[in-house]
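One-letter residues, chain by chain:
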Amino acid sequence: MTSQPPLIKAGSGPGEPGDPGAPASSGLQAGLKNRHLSMIAIGGVIGAGLFVGSSSGIATAGPGILLSYALVGTLVVLVMRMLGEMSAANPTSGSFSAHADRALGPWAGFSIGWLYWFFWVVVLAVEATAGAAILEGWIPAVPQWGWALIVMVVLTATNLVSVGSYGEFEFWFAGIKVVAIAAFIVVGGLAVFGVLPGVDSDQAGLANLTEHGGFLPNGAGAILTGILLVVFSFMGSEIATLAAGESEDPQRAVTKATNSIIWRIGVFYLGSIFVVICLLPWDSKSITEDGSYVAALDSLGIAHAGQIMNFIVLTSVLSCLNSGLYTASRMAFSLGQRGDAPKAFARTTDRGVPRTAIIASVVFGFVAVFFNYKFPDSVFLFLVNSSGAVALFVWLVICFSQLRMRKIIQAEAPEKLVVRMWLYPYLTWASAALIVFVLGYMLTDTEHNGRTTVLLSLLVAAVVLAIAFVKQRLAGRGEGGAARTEDRDEVPAG
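Note that the coordinates shown come from a computational prediction; the quantities given were computed from them, not determined experimentally.

Colleague: Quick rundown of helix α5 (residues 106–138)? Include the residues and the values.
Modeller: Between its terminal C-alpha atoms α5 stretches 48 Å, which fits the 48 Å expected from 33 residues at 1.5 Å a residue. Burial within α5 is extensive, with 26 of its 33 residues counted as buried.

So this is what it looks like as structure tokens:
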């Protein structure tokens, strides 16, 4: 489907491309194990935003924030189903960018690929700064910028060693997040139902869902505002489809990740937020002052709740950094393979690591970190806002790509449709309409910078699109275009 080179199984025999003596351009290696992929898929939906961003959503929508999470979660499930359909048929490190390249045209693959890369290199800076703030609080002898540098260097080295080392780090990072949230849900659930001793029964209970102004204390419109506040915490669900391209059984990995997305979102997002709201009244000052999860732990009488949550948040930050660098580099690698980025991005070491793509991504991440410390309210704020709506752009492109790709796959190899989008094409169109509606509603939001985020993101998207069309025009789509078409697997137009 794309011009990605064949994957080389780690530990190939002598003389094979995966051998240490092979050229540096031998391609990616299938170095991720099934347990790595399983934990990457689970951990991908648990970002630091869940822990630190939920308090503002609860304060805005009250218990109704559950509906906001449910609506966004449903949208993510549908989008992941579409992406799973395309990726199971053709797993690739370029994922939705490669699918868009083929389904909608080179301009689409180029644009969404670079926007996604831009999103993640900015996330690197945001997460590195967040992690550094926590570490400085524990060891103030090292300045915050020093911790940010240390964290970035360590995780860059991890990604440069091999894809297996990335998978191993992410396995343990994600494992800690999963165990922490699972324990929180179990202990908190016991407290809600009055089984856990030492908890104030007048404060914890299902009554918190309807008391203190009702289930929708600020009106039904707050649900939409809540959507704006929580939608970006779901970004990362698609990482499993990128990583599957470097696994031993990509189709199985994609299928498993796609089928399990429902319970992952249901348990980790809806389950944990439900427990928080039931443990404390939604208008409790401690939720906004201390953070929703810290306040919930405090209400259980758990000592050092703040430090425990800081450790969990730090783990989530490191996980996000690790995955962000991996994701950005693989997208850059795919762009290089398709001629949409410098050819050096597509070169790999004898371990199957796209070293140049990783270094280029982390360099931009370092630059963004510098802007965060030097110009936090101007340049860095622009970077954050201008990348903020990329998640919605990605989901929208996935919708339109799937509408086209279904026809292509059915015409070429219908047996590859091992994952199918439900109620195609109606649910696909409904999902696209909901995404457009959310983007439109954000334009009316001035209180939470929704309008600024959309407008700046559209500005950056317009610039990237212009570059894509200029590049395509200069290429002439003549002999170069024909060569590029041959470089992919040729397929019928419809």
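Colleague: Help me get a handle on empty space enclosed by the protein, residues and values and all.
Modeller: Evaluation of the coordinates by the stated rule reveals four cavities of 30 Å³ or more. Each pocket or cavity is described by its volume, and for the second largest cavity that value is around 50 Å³. Along the walls of the second largest cavity sit V76, V79, M80, L83, S237, E238, W395 and I398, which together make up its complete lining. Within the residue set of the lining of the second largest cavity, elements represented by two or more residues are α3 (65–89) and α17 (390–412). The element contributing the most residues to the lining of the second largest cavity is α3, with four residues. Tallied by class, the residues present in the lining of the second largest cavity amount to six nonpolar, one polar and one charged.

Colleague: Give a detailed account of helix α18 (residues 426–442), specifying residues and quantitative values.
Modeller: Its 17 residues place the ends of α18 24 Å apart at the C-alpha level, agreeing with the 24 Å of an ideal helix rising 1.5 Å per residue. Residues of α18 that are buried: T428, S431, A432, I435, V438, L439 and M442. Along the axis of α18, the buried positions cluster into a sector of 120 degrees, meaning they face one direction only. Tucked into the core, α18 has its buried residues touching α3, α8 (221–230), α17 and α19 (450–475).

Colleague: So what's going on with the side chain of S237? Residues and values would help.
Modeller: Mapped onto the elements of the fold, S237 is located in the loop between α8 and α9 (239–243). A polar atom in the side chain of S237 sits 3.1 Å from the backbone oxygen of F234.

Colleague: If you had to explain the nonpolar core to someone new, which residues and values would you point to?
Modeller: F96, Y116, W120, V394, W395 and I435 are the most contacted members of the largest nonpolar core, which totals 151 residues. Sort the elements by how many residues they give to this core and α5 lands first, with 19 residues. In contact with W120, not counting residues within four places along its chain, are M235, G236, E238, I239, C320, G324, T327 and A328.

Colleague: Any details on the packing of α3 against α8? Residues and values, ideally.
Modeller: The N-to-C vectors of α3 and α8 enclose an angle of 60 degrees; their axes lie 8 Å apart at closest approach. Relative to α8, the element α3 lies oblique. Between α3 and α8 lies a crossing of right-handed hand. In contact with I65, L67, S68, Y69, L71 and V72 of α3, α8 contributes A222, I223, G226, I227 and V230.

Colleague: Give a detailed account of unusual backbone geometry, specifying residues and quantitative values.
Modeller: Between Y424 and the following residue, P425, the backbone shows a cis peptide bond with an omega angle of 0 degrees. As for its position among the elements, P425 is in the loop between α17 and α18. Residues other than glycine seldom take positive phi values, yet L423 does so here, at roughly 50 degrees. With respect to the helices and strands, L423 occurs in the loop between α17 and α18.

Colleague: Explain the packing of α5 against helix α14 (residues 305–337) to me, and be specific about the residues and the numbers.
Modeller: Where α5 meets α14, the closest approach of the two axes is 8 Å, and the angle between their N-to-C directions is 155 degrees. Between α5 and α14, the angle falls in the class roughly antiparallel. As for the relative orientation of α5 and α14, their crossing is left-handed in sense. Across the contact of α5 with α14, the residue classes tally to 24 nonpolar, seven polar and one charged.

Colleague: Describe the packing of aromatic side chains, naming the residues involved and giving the relevant values.
Modeller: The final tally for this structure, using the stated rule, is 19 aromatic pairs. A centroid spacing of 4.2 Å and a plane angle of 15 degrees characterise the contact between F234 and Y269, whose relative ring orientation is stacked. Taken as a pair, F234 in the loop between α8 and α9 and Y269 in helix α11 (residues 261–279) lie far apart in primary sequence, 35 residues in all. For the residue pair F234 and Y269, the accessibility class agrees, reading buried in each case. Taking the centre distance of 5.9 Å and the plane angle of 70 degrees together, the rings of F400 and W429 count as edge-to-face. On the criterion of sequence distance, the pair formed by F400 in helix α17 and W429 in helix α18 is long-range, its members being 29 residues apart. For F400, a relative accessible area of 33% puts it in the partly exposed group. One residue, R35, lies across the ring of F171, its end atom 4.7 Å from the ring centre.

Colleague: Give me the layout of surface pockets: which residues, what numbers.
Modeller: Space left empty within the atom packing is revealed by a probe, the size of a water molecule, rolled over the atoms. Put simply, the largest pocket is a space of about 1,100 Å³. Lining of the largest pocket is provided by 45 residues; of these, G49, V126, E127, F232 and S233 occupy positions nearest its centre. Looking at the lining of the largest pocket, the elements with two or more residues in it are α1 (34–43), α2 (48–61), α5, α7 (163–192), α8, α14, α16 (379–387) and α19. At seven residues, α5 tops the list of elements feeding residues into the lining of the largest pocket. Classifying every residue of the lining of the largest pocket gives 23 nonpolar, 18 polar and four charged.

Procedures and definitions
- Residues numbered from 1 in each chain as written.
- Predicted model: local features only at pLDDT ≥ 70, side-chain atom pairs only at ≥ 80, totals over all residues.
- Heavy atoms only, no water.
- Helix = DSSP H or I, 4+ residues; strand = E, 2+ residues; numbered from the N terminus.
- Expected span 1.5 Å × (residues − 1).
- Buried < 20%, exposed > 50% of the residue type's maximum accessible area, 1.4 Å probe, protein only.
- 1 Å grid on protein atoms, 1.4 Å probe; cavity = no way out; pocket = protein on both sides within 12 Å on 5 of 7 lines; lining within 4 Å.
- Points joined across faces, edges and corners; volume = space filled by probe spheres on them.
- Nonpolar A, V, L, I, M, F, W, Y, C, P; charged D, E, K, R; others polar.
- Arc of directions from axis to C-beta.
- Contact = heavy atoms within 4.5 Å.
- Polar contact = N/O pair within 3.5 Å; in protein donor to acceptor, adjacent residues only side chain to side chain.
- Core = buried A, V, L, I, M, F, W, Y, C linked by side-chain atoms within 4.5 Å.
- Axes fitted to C-alpha atoms, helices over the stretch in contact; angles between N-to-C directions.
- Parallel < 35°, antiparallel > 145°, perpendicular 65-115°, else oblique.
- Left-handed = near helix turned anticlockwise from the far one by under 90°.
- Phe/Tyr/Trp six-rings, centres within 6.5 Å; stacked < 30°, edge-to-face > 60°.
- Lys NZ or Arg CZ within 6 Å of the ring centre and 35° of its normal.

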